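Fold and geometry: a report
Single-letter residue listing:
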Amino acid sequence: MIRTVFLALALTAAAAQVQAQDVQVRSGEHEGYTRLVAQVPPGTNWALSHKKNGARLTVQLEKVNFDTAAVFRRLTQNRLAAISQSEPGAALDMQFGCDCVANAFLFKGTMIVVDIAPGSALPPISADIPSPVLPKAPKEKDPLVAQNLQSLELPLLNLNAHRFEEQLSTLLLRGSDREVVDLRLAPVGPRLSVPKNDPFSPSDLNANIHVTSVLDGLNELLGPSLPQLEQRPPCISSAELGFDSWSGATPFPEQVASLRAGLFKEFDHLDEEKALKLAQLYAYSGFGAEAIRTLELLGQHSPDTDRVASIARYLDGAQPSHPNPFTNLQRCESDAALWALLIEGEMQEEAQLQSIEQSFARLPNHLRRQVGPTLAEILTDAGKLEPARRVLRTVDRVATEDSADTSQAKAKVAAAEGDGPKSEALLNEVIAASGAELEAPLALARLVDKRWSERGAISPQELDLAASYVMEFRRSEIGPRMLQTQIVALSLSHEFDKAMNLLGAQNAQDIAVETLNRVAQILTERADDATFLRRVVTLTPEQKLELFTDTSVGLAERLVTLGFADAALELASRSQDKARRAERARLRARAALLQHRPHQAILELVDDPSDVAQLLRGQALQMTDDYVAAGQLLRAVGEDENADRFFWLADHPETVEHERDTKFLAVQQTTRLLSVPPIRMQDKPLADAKGLLDDSAKTRQHILDLLAKVDQ
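Quick caveat, the model's predicted, so the values are computed rather than measured.

What follows concerns the overall build of the protein chain. Looking only at helices and strands, the protein chain has 33 helices and 9 strands in total. Taken across its 712 residues, the protein chain has 37% of its residues classed as buried. Of all intrachain contacts in the protein chain linking residues separated by at least 6 positions in sequence, the fraction that spans at least 24 positions is 56%. With the model as given, the accessible surface of the protein chain reaches about 42,200 Å², and the carbon-plus-sulfur share is 54%.

The structure is reproduced here in structure tokens:
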């Protein structure tokens, strides 16, 4: 019984922990509306409520945290002016920049889609769907028309059967995409597109059959609420790609010799079939450059050559071809999904992970060793840690020696798992490994990135190594990455002057934006006041414009804390910043108070109900000598001591609540005792004199008590 209770408590705690999670909010601009998408677990309750010039999205998840950092990166219109969440678990507030209205719906059970479009509030979608129209009773036709119709030959209708089939197939596929129709499609393969005995159809004959569905009639009615269907390329089956058949059972040299011997026929005519087979063999064996060179002999493009060229380019480390034949094929349950994932370098939401792992397991050993580390890193970036571990275990089983690429992939998986020491040890192994010409500097760059994210320190040896790599690879493709690594390493070592000087160099312009923000954040957190002020004040206007919102807010907060109101106000008032509006408004209010502009500070805080804003309003009211209003604001946020002080300064004893024992309540009482006049007895001079002496002694004691309480 006790074990059952403990098990139930553990399951309850686990369920509560699962509910507390981050929800990423993505955005996109469409013609006529702005779309926001929030990814939530299946079965999550949610609601969208409207407010004045905005909307509020509520999700029933415990301590939900909306990640809105990337929302404004893809928005070009001003339909969405601001988006924020006051605290974890609260609703997502959206402020519109136009006379707009928001509609929301649930897509595929896990995506809350919010569309913001100009206009007024619309009724629910279901209320606008018209009832089906019943066919009307046929009217009697004119006898002459009926006679003419009978003269038409019915076989003419059959002449358009093929067009009818095409329209019907299009509608069925559209319904399948919208999850209205379930289809069991035949596997991809060669088949006749037109029946053998298809009747002849004249080219100038208009189709007399048109197929529609109820979805076509609702497209314009529903507007942007239905997700737009993208025209995606058809899947390539494993049999159509035929990657497993690109190499035979005989040894590689014999296959190459046989194909090269028959590459040219009589009169030096190229044998296109053998040229394609030779290119496939090269690509299958990992020789990408040789495969591309062989394909150049063909001088023509076809689906087969494009696929071979795309795989060969990836294996050779070259840029993917355009157009890429494997684009948007990660959804396929075939070998094409694996190559689409590797070439695109980023995992899509609809990727068929099981098919990708199965295709990877069927690769030859040399290709598993070559593409396995990259595949593991892509899976790690997508949060698929267990599949990444399985891929690395497969690589370990076929590896003949330790590989720097594999060690880097293992380090990335360890970092994603939160095992910092293991990740750092693996990166140090790659850096110290002999023969790792490119892997070592890249491993150092990842190590510095890890130290920056953890706000760690850089050793002098690592700093010297970064400087040597900058000199060694200054003319290579990884030269900018090495320069960024050195600059960030200098900032982590508190050498801010050297880091900022390198940022201003001419050869650092390509990496200035990201690196500048990293250095500025470390500068804000670690530099002493003199260094901080010297480097921030000397920032160029171009550098100030390149600061991220989080970076500019951090700089402005420290500047206003140090008392530099003008510099803080400049960073907190940038027009390109859209996020963290409340924090930036509070910073502007603090800067206005430093400039003795209390009314401006109150205007900045007009829409901010937070306790911090209330305290700032109290300071502004204090500057205007409105002590009563300042005391009332402070009392509302629980600052009873300061509230009673303002009431005492305003000489309003009736506003003090006597049930609270505060310092200024006692001061108020002592002040009231000092205000009581002495009792005089004119008819008794001696008693009157004695009373004055006693009252004088009490007054001196009250004054001493008052001074002691004020000095506390």
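So, about the pairing of strand β2 (residues 33–39). With 6 of 7 residues buried, β2 lies mostly within the body of the structure. Looking at chain direction, strand β1 (residues 22–30) and β2 are connected through 6 bridges and run antiparallel. Paired with Arg26 across the strands is Val37, a residue of β2. In this structure, the hairpin formed by β1 and β2 is closed by a connection of 2 residues, where Gly32 is found at a positive phi of approximately 100°. Examined bridge by bridge, β2 and strand β9 (residues 111–118) share 6 bridges and lie antiparallel to one another. Paired with Leu36 across the two strands is Val114, which belongs to β9.

Summed over all chains, the structure comprises 6 aromatic pairs. Lying across the ring of Trp452, Arg518 places its NZ or CZ 4.6 Å from the centre.

Per the counting criterion, the structure on display carries 2 disulfides. Note on cysteine connectivity: Cys98 is disulfide-linked to Cys100, with sulfurs 1.7 Å apart. Where Cys98 bonds to Cys100 through sulfur, the torsion about that S-S bond is close to -70°, and the disulfide is left-handed. Given the relative accessible area of 24%, Cys98 is considered partly exposed.

What follows is about the pattern of salt bridges. Enumeration according to the criterion identifies 32 salt bridges in this entry. Note that Asp497 is salt-bridged to Arg535, the shortest N-O span being 3.3 Å. Separated by 38 residues along the polypeptide, Asp497 in helix α21 (residues 496–503) and Arg535 in helix α23 (residues 529–537) bring together distant segments of the chain. A relative accessible area of 30% means that Asp497 is categorised as partly exposed. Between Glu604 and Arg588 there is a salt bridge, with the nearest N and O atoms lying 3.0 Å from each other. With Glu604 in helix α28 (residues 598–604) and Arg588 in helix α27 (residues 581–594), the pair connects residues that are 16 residues apart, well separated along the chain. Taking relative accessible area as the criterion, Glu604 reaches 21% and is therefore assigned partly exposed. Since its relative accessible area comes to 17%, Arg588 is described here as buried. When salt bridges with common partners are traced through the structure, they connect Asp449, Arg481, Glu514 and Arg518 into a single cluster.

Further remarks concern the pairing of strand β6 (residues 80–84). Counting buried positions over the 5 residues of β6 gives 4, a clear majority of the element. As judged from the 4 bridges shared by β6 and strand β7 (residues 92–96), these two strands associate in the antiparallel manner. Following the sheet pairing, Ser84 is matched in β7 by Asp93.

Within the largest apolar cluster, 55 residues are counted, with the highest numbers of intra-cluster contacts made by Phe243, Phe326, Trp339 and Leu375. If we ignore the near neighbours within four places in the chain, the residues touching Phe243 are Ser238, Tyr284, Ile311, Trp339, Leu363 and Leu367. Ranked by size, the runner-up nonpolar core spans 53 residues in total, among them Val470, Leu492, Leu516 and Leu533.

Where α21 meets helix α22 (residues 512–526), the axes come as close as 11 Å, and the angle between the chain directions of the two elements is 160°. Looking at the two axes, α21 sits roughly antiparallel to α22. In this structure, the crossing between α21 and α22 has a hand that is left-handed. Two secondary-structure elements touch here, α21 through Phe496, Ala499, Met500 and Leu503 and α22 through Ala512, Thr515, Leu516, Val519, Ile522, Leu523 and Arg526.

Attention shifts here to the sheet that holds β7. Here we have 4 strands laid out as an open sheet, ordered β3-β4-β7-β6, and antiparallel in their pairing. Strands at the two margins of the open sheet, each flanked by one partner only, are β3 (46–51) and β6. For this sheet the average axis-to-axis angle between neighbouring strands, irrespective of direction, equals 15°. Of the pairings in the sheet, the one linking strand β4 (residues 54–59) to β7 comprises 4 bridges and is antiparallel in character.

What follows concerns helix α13 (residues 353–361). For α13, the set of buried residues is Leu353, Ser355, Ile356, Ser359 and Phe360. Along the axis of α13, the buried residues cluster in a sector spanning 160°; they form a single face.

Right, let's get into the confidence of the model for the protein chain. It should be kept in mind that the predicted coordinates are not to be read in detail where pLDDT is low. Averaged over all residues, the pLDDT of the protein chain equals 76, while 73% of them reach at least 70. Predicted confidence in the protein chain is weakest over helix α2 (residues 125–128), with a mean pLDDT of 38, and strongest over helix α25 (residues 549–562), with 91. Predicted confidence is poor over residues 1–19, with pLDDT under 50, and the contacts of this stretch with residues over four places away or in other chains come to 3 contacts. Note on residues 218–229: pLDDT under 50 across the span, and 28 contacts to partners over four residues away in sequence or across chains.

Another point: unusual backbone geometry. Not every positive phi belongs to a glycine, and Asn53 is a case in point at roughly 55°. As for its placement among the helices and strands, Asn53 is situated in the loop between β3 and β4. The partly exposed category is assigned to Asn53, whose relative accessible area is 37%.

A few words now on the side chain of Arg518. In this fold, Arg518 is placed in helix α22. Residue Arg518 is classed as buried on the basis of its relative accessible area, which comes to 13%.

Okay, the sheet that holds β2 next. Spatially, 5 strands are ordered β5-β1-β2-β9-β8 in an open sheet, and the strand pairing comes out mixed. For this open sheet the edge positions go to β5 (65–67) and β8 (100–107), each flanked by a neighbour on one side alone. The average undirected angle you get between the axes of adjacent strands in this sheet is 25°.

Topologically, Ser27 is positioned in strand β1. Sequence-wise, Ser27 and Arg73 are 46 residues apart; in three dimensions their C-alpha atoms are separated by 8.3 Å. Ignoring any residue separated from it by four or fewer positions in sequence, one finds Ser27 in contact with Arg35, Leu36, Ala70, Val71, Arg74 and Leu75. A polar side-chain atom of Ser27 sits 2.5 Å from the main-chain carbonyl oxygen of Val71.

Right, let's talk about helix α14 (residues 365–381) for a bit. The end-to-end C-alpha distance of α14 is 24 Å, a good match for the 24 Å that 17 residues give at a rise of 1.5 Å each. Along its length, α14 shows its largest kink, about 40°, at Val371, and proline Pro373 lies within four residues downstream of that point. Within the span of α14, buried status applies to Leu367, Arg368, Val371, Gly372, Pro373, Leu375, Ala376, Glu377, Ile378, Leu379 and Thr380. At the C-terminal side of α14, Gly383 shows a positive phi close to 85°.

Conventions and cut-offs
Residues numbered from 1 in each chain as written. Predicted model: local features only at pLDDT ≥ 70, side-chain atom pairs only at ≥ 80, totals over all residues. Heavy atoms only, no water. Helix = DSSP H or I, 4+ residues; strand = E, 2+ residues; numbered from the N terminus. Buried < 20%, exposed > 50% of the residue type's maximum accessible area, 1.4 Å probe, protein only. Contact = heavy atoms within 4.5 Å. Areas by Shrake-Rupley, 256 points an atom, 1.4 Å probe, with all protein chains shown as cover. Pairing = 2+ DSSP bridges. Phe/Tyr/Trp six-rings, centres within 6.5 Å; stacked < 30°, edge-to-face > 60°. Lys NZ or Arg CZ within 6 Å of the ring centre and 35° of its normal. Disulfide = S-S within 2.5 Å. Salt bridge = Lys/Arg side-chain N within 4 Å of Asp/Glu carboxyl O. Core = buried A, V, L, I, M, F, W, Y, C linked by side-chain atoms within 4.5 Å. Axes fitted to C-alpha atoms, helices over the stretch in contact; angles between N-to-C directions. Parallel < 35°, antiparallel > 145°, perpendicular 65-115°, else oblique. Left-handed = near helix turned anticlockwise from the far one by under 90°. Arc of directions from axis to C-beta. pLDDT = per-residue confidence, 0-100. Polar contact = N/O pair within 3.5 Å; in protein donor to acceptor, adjacent residues only side chain to side chain. Expected span 1.5 Å × (residues − 1). Bend = angle between axes of the 7 residues up to and from the residue.

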